[in-house]
Amino acid sequence: MASGVIGELRGVRACFAYAIESGSGNIRLEPSLGGGATWDVGCYAVDVPLGAATTPAL
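A brief look at the structure comes next. (Residues numbered from 1 in each chain as written. Predicted model: local features only at pLDDT ≥ 70, side-chain atom pairs only at ≥ 80, totals over all residues. Heavy atoms only, no water.)

### Some remarks on the overall build of the protein chain
Regarding its fold elements, the protein chain presents two helices and zero strands. Taken over 58 residues, the protein chain has a buried fraction of 7%. Accessible surface, the protein chain: about 5000 Å² in total, of which carbon and sulfur atoms supply 57%. (Helix = DSSP H or I, 4+ residues; strand = E, 2+ residues; numbered from the N terminus. Buried < 20%, exposed > 50% of the residue type's maximum accessible area, 1.4 Å probe, protein only. Areas by Shrake-Rupley, 256 points an atom, 1.4 Å probe, with all protein chains shown as cover.)

### Some points on a nonpolar patch on the surface
On the surface, Phe16, Tyr18, Tyr44 and Val48 cluster together to form a nonpolar patch covering roughly 410 Å² of accessible area. Summarising the element assignment, Tyr44 is placed in helix α2 (residues 44–52). Residue classification places Tyr44 among the partly exposed residues on the basis of a relative accessible area of 45%. (Patch = residues over 30% accessible without salt bridge, like charges linked within 9 Å, V, L, I, M, F, W, Y side chains within 5 Å. Salt bridge = Lys/Arg side-chain N within 4 Å of Asp/Glu carboxyl O.)

### A closer look at the environment of Ala53
On the secondary structure map, Ala53 appears in the segment after α2. On the accessibility criterion, Ala53 (17% relative accessible area) is buried.

Below, the structure written as structure tokens:
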């Protein structure tokens, strides 16, 4: 992407999902334990496109 061979990056759409059974006691379902699922795995949907675009992390 950095070379521009395929053109200018105009947008990115990302999704990351996984299944966790409600009531399983999984910490990702408990926001009071560090932010819940978004803080735990939500970063991947942001980090991978940023890396692919060679854009510095925010």
